[in-house]
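The lines below spell out each chain.
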Amino acid sequence: MKYSVVLSNNNIYRITIASSTDEERKLLKKPKEKIKARIYKHFDQAVKDGLGEGASIEKIVDDSGFPYQILAIVSIKTS
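Note that the coordinates shown come from a computational prediction; the quantities given were computed from them, not determined experimentally. (Residues numbered from 1 in each chain as written. Predicted model: local features only at pLDDT ≥ 70, side-chain atom pairs only at ≥ 80, totals over all residues. Heavy atoms only, no water.)

S.K.: Describe helix H2 (residues 32–51), with residues and values.
M.R.: For H2, the principal kink sits at Arg38 and spans about 35 degrees. Taken as a whole, H2 has its buried residues at Ile35, Ile39, Tyr40, His42, Phe43, Ala46, Val47 and Lys48. For H2, the secondary structure elements touched by its buried residues are strand S1 (2–9), strand S2 (12–18), helix H1 (22–28), strand S3 (55–62) and strand S4 (69–76). The first or second residue beyond H2 is Gly52, which carries a positive phi of 110 degrees. (Bend = angle between axes of the 7 residues up to and from the residue. Helix = DSSP H or I, 4+ residues; strand = E, 2+ residues; numbered from the N terminus. Buried < 20%, exposed > 50% of the residue type's maximum accessible area, 1.4 Å probe, protein only. Contact = heavy atoms within 4.5 Å.)

S.K.: How would you explain the pairing of S3 if you had to name every residue and give the values?
M.R.: Two strands pair when backbone bridges link them, and S3 and S4 are joined in this way by 6 bridges, in the antiparallel orientation. Note on S4: the bridge partner recorded for Ile60 is Ala72. Hairpin connection, S3 to S4: the antiparallel pair is bridged by 6 residues. (Pairing = 2+ DSSP bridges.)

The following block contains the structure:
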């Protein structure tokens, strides 16, 4: 899957995933309840890819764009 992570405002990030294959496209069209946990892993990976391994989704503040887009508060652990 393709990912993008963009700082929207007030430390809220717009995280978008897009399918790269027909199989991924079919997955994204399934009911939210069936794919929620699996797709949230893709969003979490998008955050790590975009902001570094220490980044993770702290809280999802809007998932009305699910399964393609969510708004989330991201936390970044520093060593």
